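Reading the structure
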Amino acid sequence: MAASGGYGQTSTGGGTAHMGHAEDIIPRDIRFDILGNAQRHWLEDDIIKTILIDGLSIFLPEGERFFIRSLKHYGPKLQDKELAAEINGYAVQEAFHTREHEEYNRAMMGLGYDVDEMERPIRFGFEVVKNPMHRLAITCAIEHMTATLSTLTLRHPELLDKAAPAYRRLWMWHALEELEHKAVALDVLNAATPELSRWQRYLLRVMGMNGTLFPFLVIFLRNVPIYARTDGVKTGFRFWMRFFWVTMVAPGYWRRCLPNVLRYYLPGFDPRNSDDAELMRKGREWLANDMPPAKDPPPAKGAAPAQPAG
């Protein structure tokens, strides 16, 4: 039972104890300079493969601000200090993601894409959700969707082998950090609802997914023609048939994600997978090896130039 003034750590009805560790959530203040490396069709010179990823960035600045508000609302009320620390790490990671994706979207605007028009229904969708518990349920659902895409990216980094370097680095970094904090929102939902039975909590999170998945698909597909018209590409029958082929057949990005998305509807769903630790290890190693070396700072004014060795 929750103690006065805060949420409890455990619940016999729902098992709200969590298994996360704050030290696994590592905020990385990295700048990828997408604005300085803006490129059309940066993934294999393929508009459809590129829009499937650029289209996600359209959602992210508004979405990440929404996620931070949703979890921060509950942080001060939690008695579980470890979970409160995870929320803080989560919020810092998401703040860096917001900054980088705002720049990413400005880069798209610089290339002529109508980002404002594509963002308009996204802003509206997040603004109409006022109830804190509904916000939290939606955050859980979206975090599972982003974690699913991130797991695919880290298990199959070859999908980005032919991507422009700055874009590849940003999405691998984002995937790693999404995996690191993927269980935080659901742990907060469990901790914040000690009065709910297991089935009431299940219905709450399923309603959150139902209220998220369909609108996401509608808005995403609505934005595809807006994006494509900037490149003078007509979205007729052949375009949509190839869109279906890329998403559902080869390489089948959405098909590969579908089983894990549907796992969310299982009553005993837990976002943690047995290979999470290995995926995070590989992601951290990949990021460390692929990032370009830091630039030397400019010499101090009046300092003599460095002399070559030998």
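Described in the following lines is the structure provided in the data block. Quick caveat: nothing in here was measured; it's all calculated off a predicted structure.

1. Brief notes about a nonpolar patch on the surface
A contiguous nonpolar patch, built from F237, M241, F244, W245 and V249 and spanning about 560 Å² of accessible area, is present on the exposed surface. Residue placement: F244 occurs in helix α8 (residues 237-248).

2. Focus on the packing of aromatic side chains
Under the definition given, this model contains 17 aromatic pairs. Both rings, one in W42 and one in Y167, keep their centres 4.6 Å apart while their planes meet at 10°; by these two values the pair is stacked. Placement of the pair is W42 in the segment before α1 (47-72) and Y167 in helix α5 (residues 165-180), with a sequence separation of 125 residues. The pair formed by W42 and Y167 is uniform in burial state, with each residue classed as buried.

3. Side note on the packing of helix α3 (residues 115-127) against helix α7 (residues 198-230)
Any two packed helices are characterised by how steeply their axes cross, that is the angle between the axes, and by the distance between the axes. The N-to-C vectors of α3 and α7 enclose an angle of 165°; their axes lie 9 Å apart at closest approach. In terms of their interaxial angle, α3 and α7 are classed as roughly antiparallel. The way α3 lies across α7 gives a crossing that is right-handed. The segment α3 lies against α7, with E117, M118, R120, P121 and I122 engaging I219, R222, N223, I226 and Y227. Per-class residue counts for the contact of α3 with α7 are six nonpolar, one polar and three charged.

4. Section: the nonpolar core
W42, Y104 and W171 are the most contacted members of the largest nonpolar core, which totals 84 residues. Looking at this core element by element, the count peaks at twelve residues for α1.

5. A closer look at the environment of L176
Position of L176 relative to the elements: it lies in helix α5. Among the residues examined, L176 registers a relative accessible area of 0% and is labelled buried. Once the C-alpha coordinates of L176 and K282 are considered, the two residues, 106 residues apart in sequence, prove to be 9.1 Å apart. Sequence-distant contacts of L176, that is, excluding residues within four places in its chain, are made with R28, L154, M280, G283, R284 and L287.

What counts, and where the lines are drawn
- Residues numbered from 1 in each chain as written.
- Predicted model: local features only at pLDDT ≥ 70, side-chain atom pairs only at ≥ 80, totals over all residues.
- Heavy atoms only, no water.
- Patch = residues over 30% accessible without salt bridge, like charges linked within 9 Å, V, L, I, M, F, W, Y side chains within 5 Å.
- Areas by Shrake-Rupley, 256 points an atom, 1.4 Å probe, with all protein chains shown as cover.
- Salt bridge = Lys/Arg side-chain N within 4 Å of Asp/Glu carboxyl O.
- Helix = DSSP H or I, 4+ residues; strand = E, 2+ residues; numbered from the N terminus.
- Phe/Tyr/Trp six-rings, centres within 6.5 Å; stacked < 30°, edge-to-face > 60°.
- Buried < 20%, exposed > 50% of the residue type's maximum accessible area, 1.4 Å probe, protein only.
- Axes fitted to C-alpha atoms, helices over the stretch in contact; angles between N-to-C directions.
- Parallel < 35°, antiparallel > 145°, perpendicular 65-115°, else oblique.
- Left-handed = near helix turned anticlockwise from the far one by under 90°.
- Contact = heavy atoms within 4.5 Å.
- Nonpolar A, V, L, I, M, F, W, Y, C, P; charged D, E, K, R; others polar.
- Core = buried A, V, L, I, M, F, W, Y, C linked by side-chain atoms within 4.5 Å.

It is worth stressing that arrangement in space is one thing and function is another; only the former is reported here.
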